[in-house]
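# Tertiary structure, described
So the chains spell out like this:
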Amino acid sequence: MSVAEQMFLDVSRSSGIVRSVSEDQDEILDGIERLHCPDGFECDMTFGTGVFYRNRPRPKHCFDIDPQHPFVTKACSTMLPLEPASVCSCVFDPPFLTYVKNGREHGEGAVAMTKRFGGYYTYAELEEHYQHSISEAHRVLRKRGVLVVKCQDIIHNHRMHCTHYRVLMMAEIEGFRLRDLFVLAARHRMPGPQAGQQRHARIFHSYFLVFEK
């Protein structure tokens, strides 16, 4: 980050402006909490190692398919042990990589994630998991509840897949409306091909989409 960019970031923070673009994930999460979840996040559907909560209270309900902490309940984001309309906010931050074969047994047509920060065997699996998880979030959220989805567009099989657009469509069909959108610009390059001829621009950003039920 250049000196000028750091000065702009410091001025933005001191003035209390919530920006839609940042290189700081905590700044984006702070903005989402300030604007849309003033009481904090109540449920994390894919808690992982808990990176989101290093500088903020962790949610009351924490779930993961392979819990890394004793307070995390083992559950898939597509089938949470929660009553309908029982929480005010959900965070959904699943893996976004495809063609990751190691670390899990692949079943034909199954919705499967690798055990830790892996991905999906095909892009269709990724979409299916997103769709079912968004549907589950709609089930457990109260009216006007907030769903925060982190996602990234990807290149798979030499084709561009606009994941954030697909998530927007899935959420709208499910009954959500887009309330806000944030872009996280990467300070370092995102995962991608290590060799060969470049066919697409390297993706250096991801999205935080904020939906309301």
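Residues numbered from 1 in each chain as written. Predicted model: local features only at pLDDT ≥ 70, side-chain atom pairs only at ≥ 80, totals over all residues. Heavy atoms only, no water.

### Considerations on the overall build of the protein
This is how the line gets drawn: To qualify as a helix, a DSSP run of H or I must reach at least 4 residues; to qualify as a strand, a run of E must reach at least 2; elements of each kind are numbered from the N terminus. Buried means the residue's accessible area, taken with a 1.4 Å probe over protein chains only, is under 20% of the maximum for its type, while exposed means over 50%, and partly exposed covers the values in between. Here, residues are in contact when the closest pair of their heavy atoms is within 4.5 Å. Using a 1.4 Å probe, the Shrake-Rupley method yields the accessible areas, and only the shown protein chains count as cover for residues.
Scanning the protein from N- to C-terminus turns up four helices and twelve strands. Counting over 213 residues, the protein shows a buried share of 45%. Long-range contacts, defined as pairs at least 24 residues apart, comprise 63% of the intrachain contacts of the protein with a sequence gap of at least 6. When the accessible surface of the protein is totalled, it reaches about 11700 Å², and 53% of it is carbon and sulfur.

### Observations concerning the nonpolar core
Basically, it comes down to this: Only buried Ala, Val, Leu, Ile, Met, Phe, Trp, Tyr and Cys residues count toward a nonpolar core, and they belong to the same one when joined by side-chain atoms within 4.5 Å.
Grouped together as the largest cluster of nonpolar side chains are 28 residues, with contacts concentrated most on M45, C90, L147, V167, F176 and F211. Mapped by element, the contributors of at least two residues to this core are β5 (87–92), α3 (123–140), β8 (141–151), α4 (163–174) and β12 (205–212). The dominant element in this core, judged by the number of residues it contributes, is α3, at six residues. Those residues in contact with F176 that lie beyond four places of it in its chain are I134, A137, H138, L141, L147, A171, F211, E212 and K213. One finds C37, F47, C62 and V91 within the second-largest nonpolar core, a separate group that totals 17 residues.

### Side note on the pattern of salt bridges
Selection criterion: One speaks of a salt bridge when a side-chain nitrogen belonging to Lys or Arg is within 4 Å of a carboxyl oxygen belonging to Asp or Glu.
Enumeration according to the criterion identifies nine salt bridges in this entry. Between D30 and R56 there is a salt bridge whose closest N-O contact spans 2.9 Å. Of the two residues, D30 is situated in helix α2 (residues 25–36) and R56 in the loop between β2 (43–44) and β3 (61–64); the sequence distance between them amounts to 26 residues. You can call D30 partly exposed: its relative accessible area is 41%. On the basis of relative accessibility, which here comes to 8%, the residue R56 falls in the buried class. One salt bridge in this structure joins E127 and R166, with 2.6 Å as the shortest N-O distance.

### Quick word on the pairing of β3
Under the convention used in this document: Two strands are counted as paired when DSSP detects at least two bridges linking them.
Burial along β3 is two-sided: H61 and F63 facing one way and C62 and D64 facing the other are all buried. In the sheet, β2 pairs with β3 via two bridges, with the strands oriented parallel. Note that in β3 the partner of C43 across the bridge is H61. With two bridges joining them, β3 and strand β4 (residues 73–74) adopt parallel strand pairing. Bridge pairing links F63 to T73 in β4.

### Points about the packing of aromatic side chains
Put simply, the rule is: To pair, rings of Phe, Tyr and Trp, with the six-membered ring standing in for Trp, must have centres within 6.5 Å; the planes then decide the type, stacked if under 30 degrees apart, edge-to-face if over 60, and tilted in the middle.
Across all of its chains, the model carries six aromatic pairs by this definition. Geometrically, the ring pair formed by F52 and Y53 is edge-to-face, given 6.2 Å between the ring centres and 65° between the ring planes. Just as F52 is buried, Y53 falls in that class too. In textbook terms, an aromatic cluster arises when at least three aromatic residues are bridged by ring pairs, as seen for F47, F52, Y53, F71 and F208.

### What about the sheet that holds β3?
What counts is decided by this rule: Only the contacting stretch of a helix is used when fitting its axis, a line to C-alpha atoms as for every element, and angles between N-to-C directions run 0 to 180 degrees.
Taken in spatial order, the eight strands line up as β1-β11-β12-β8-β5-β2-β3-β4 in an open sheet, and their pairing is mixed. Each having just a single partner strand, β1 (21–22) and β4 make up the two edges of the open sheet. Its contacts with the sheet put α2 on β1, β8, β11 (177–185) and β12, and the angle it makes with β11 is roughly 160°. Most of the contacts of α3 go to β8, to which it runs at about 155°, and overall it touches β5 and β8.

### Focus on the packing of α3 against α4
Here is the rule: Take the far helix as your reference; a near helix turned counterclockwise from it by less than a right angle gives a left-handed crossing, and one turned clockwise gives a right-handed crossing. Amino acids outside the nonpolar list (Ala, Val, Leu, Ile, Met, Phe, Trp, Tyr, Cys, Pro) and the charged list (Asp, Glu, Lys, Arg) are all regarded as polar, and Gly is one of them.
Their axes nearest at 10 Å, the elements α3 and α4 cross at an angle of 35°. As for the relative orientation of α3 and α4, their crossing is right-handed in sense. Residue-level contacts link Y123, L126, E127, Y130, Q131, I134, S135 and H138 of α3 to T163, R166, V167, M170, A171 and E174 of α4. Among the residues making up the contact of α3 with α4, the classes are represented as seven nonpolar, four polar and three charged.

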